[in-house]
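# A structural walkthrough
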Amino acid sequence: VRLNMNTAAGINSITASNGVKLFQNEPNPFNESSTISYLLPKEASVSLNISDVLGRTIMNIDQGDKSAGMHNISIDGKSLAKGVYFYTLTVEGQSLTKKMVITE
């Protein structure tokens, strides 16, 4: 498992070489629901994978083809145990990963 993460404090988004931008989920940490936002420079096929710290896939959300612009994905944290998770956005074979925390 290869994670493409930016761990610098205060950085709210990361950008792939294809221009896709992935934002930090809000709120973070959370316990009931959170929103993950991403920006596409052009139409593309998108999927989001949520995994635990051991790399096990917890949730896979196929967004299908999305138009250029800003998009949001709502995550229901009520079905997940408290802890640290990673979400990976995959667009055109490139992946961006950020960390999220679920509390009680």
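Keep in mind it's a predicted model, so treat the numbers as computed, not measured. (Residues numbered from 1 in each chain as written. Predicted model: local features only at pLDDT ≥ 70, side-chain atom pairs only at ≥ 80, totals over all residues. Heavy atoms only, no water.)

A few words now on the environment of Gln94. Mapped onto the fold, Gln94 is located in strand S8 (residues 94-102). Note on Gln94: relative accessible area 29%, which makes it partly exposed. Each C-alpha atom of the pair Gln94 and Ser17 lies 8.3 Å from the other, and the pair is 77 residues apart in sequence. Excluding anything up to four places from it in sequence, Gln94 contacts Ala16, Ser17, Asn18 and Leu89. (Helix = DSSP H or I, 4+ residues; strand = E, 2+ residues; numbered from the N terminus. Buried < 20%, exposed > 50% of the residue type's maximum accessible area, 1.4 Å probe, protein only. Contact = heavy atoms within 4.5 Å.)

Within a sheet, each strand pairs with its neighbour through backbone hydrogen bonds, oriented either parallel or antiparallel. The four strands are arranged S1-S2-S3-S6 in an open sheet whose pairing can be described as antiparallel. Where the open sheet ends on each side, the last strands, each with one partner, are strand S1 (13-15) and strand S6 (69-76). Adjacent strand axes in the sheet meet at a mean angle of 20 degrees, parallel and antiparallel pairs treated alike. In this sheet, strand S2 (residues 21-23) lies alongside S1 in antiparallel orientation, the contact comprising three bridges. Directly across from Ile14, in S2, lies its bridge partner Leu22. (Pairing = 2+ DSSP bridges. Axes fitted to C-alpha atoms, helices over the stretch in contact; angles between N-to-C directions.)

Among the secondary structure elements, Val101 is positioned in strand S8. For the pair Val101 and Lys82, spaced 19 residues apart in sequence, the C-alpha to C-alpha distance is 7.4 Å. Contact partners of Val101, with chain neighbours within four places excluded, come to Asn28, Pro29, Phe30, Gly83 and Val84.

Tracing the chain through its elements places Thr88 in strand S7 (residues 83-91). Judged by relative accessible area, Thr88 falls into the buried class, the value being 13%. In this view, Thr88 contacts Ser47, Leu48, Asn49, Ser95, Leu96 and Thr97; residues no more than four positions away in its chain are not counted.

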